[in-house]
Amino acid sequence: MTKRDIIMQIRSAKAAHIRWKSFVQISLRGVVTQESKTEVPIVQTECDFGKWYYGDGMSLTIIPSFNALEEPHEMVHELYIQIYTLQKAKLKGGFFTSTSKLLKKRQEEVDRLFENFNDYTKILTEGLTQLEIDILKMSDKDIEEII
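Residues numbered from 1 in each chain as written. Predicted model: local features only at pLDDT ≥ 70, side-chain atom pairs only at ≥ 80, totals over all residues. Heavy atoms only, no water.

Draft legend 1. Focus on the packing of aromatic side chains. Under the definition given, this model contains 10 aromatic pairs. With centroids separated by 4.2 Å and ring planes inclined at 15 degrees, the aromatic side chains of Tyr53 and Phe66 adopt a geometry described as stacked. Placement of the pair is Tyr53 in helix 3 (residues 48-53) and Phe66 in helix 4 (residues 64-67), with a sequence separation of 13 residues. With centroids separated by 6.1 Å and ring planes inclined at 45 degrees, the aromatic side chains of Tyr80 and Tyr84 adopt a geometry described as tilted. Here the residue Tyr80 and the residue Tyr84 both occupy positions in helix 5 (residues 70-88), the gap between them amounting to four residues, near one helical turn. Tyr84 gets classed as partly exposed once you look at its relative accessible area, which sits at 38%. (Phe/Tyr/Trp six-rings, centres within 6.5 Å; stacked < 30°, edge-to-face > 60°. Helix = DSSP H or I, 4+ residues; strand = E, 2+ residues; numbered from the N terminus. Buried < 20%, exposed > 50% of the residue type's maximum accessible area, 1.4 Å probe, protein only.)

Draft legend 2. Representation of the nonpolar core. Phe49, Trp52, Leu60, Phe117, Leu131 and Ile135 are the most contacted members of the largest nonpolar core, which has 32 residues in total. If you list the elements that add at least two residues to this core, you get helix 1 (3-28), helix 3, helix 5, helix 6 (99-137) and helix 7 (140-146). (Core = buried A, V, L, I, M, F, W, Y, C linked by side-chain atoms within 4.5 Å.)

Draft legend 3. Main features of the environment of Glu145. With respect to the helices and strands, the residue Glu145 is situated in helix 7. Remark: the alpha-carbon pair of Glu145 and Trp20, spanning 125 residues in sequence, is separated by 32 Å.

Draft legend 4. Spotlight on the packing of helix 1 against helix 5. The N-to-C vectors of helix 1 and helix 5 enclose an angle of 10 degrees; their axes lie 11 Å apart at closest approach. Judged on the interaxial angle alone, helix 5 and helix 1 are roughly parallel. Here His17, Trp20, Val24, Ser27 and Leu28 of helix 1 come into contact with helix 5, specifically with Val76, His77, Tyr80, Ile83, Tyr84 and Gln87. In terms of residue class, the contact of helix 1 with helix 5 is built from seven nonpolar, four polar and no charged. (Axes fitted to C-alpha atoms, helices over the stretch in contact; angles between N-to-C directions. Parallel < 35°, antiparallel > 145°, perpendicular 65-115°, else oblique. Contact = heavy atoms within 4.5 Å. Nonpolar A, V, L, I, M, F, W, Y, C, P; charged D, E, K, R; others polar.)

Everything listed here is a matter of coordinates, which is why it stays silent on function.
Encoded structure:
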């Protein structure tokens with residue numbers, strides 16, 4: 001595998017994550033299509049980025065910027081699960097709590113989680129950019145040694 005091949009894999013992984021994020025945003029807004037159902041795997045090893053990261057990408061584990069991708073990747077999936085679960089939960093107002101107050105409170109929590117989701121997505125995409133830079137700085141000999 002050449003440096004160019006690795007760079008192309010990284011760019012493809014970044015595009016896959018951005019595509020996944022778009023489908024997450026669509027599905028969380030209640031727009032569910034057949035495509036969005038299949039494009040939003042919940043488990044981090046099942047999305048296209050995860051398949052690359054835990055598959056072919058593992059040859060890059062010697063590079064710190066590669067290893068730094070795992071936590072933000074796990075977090076975007078965890079936050080997606082939290083947002084999805086919160087949105088699907090049934091709300092029941094009580095004697096002292098109205099449903100509208102519960103809806104408002106839930107929406108505030110969803111907004112907070114979605115902000116964190118976007119923050120971790122940014123960290124992940126910036127990390128992929130850093131990995132690409134690190135690979136570009138490596139000599140062909142260094143690339144041969146890690147592959």
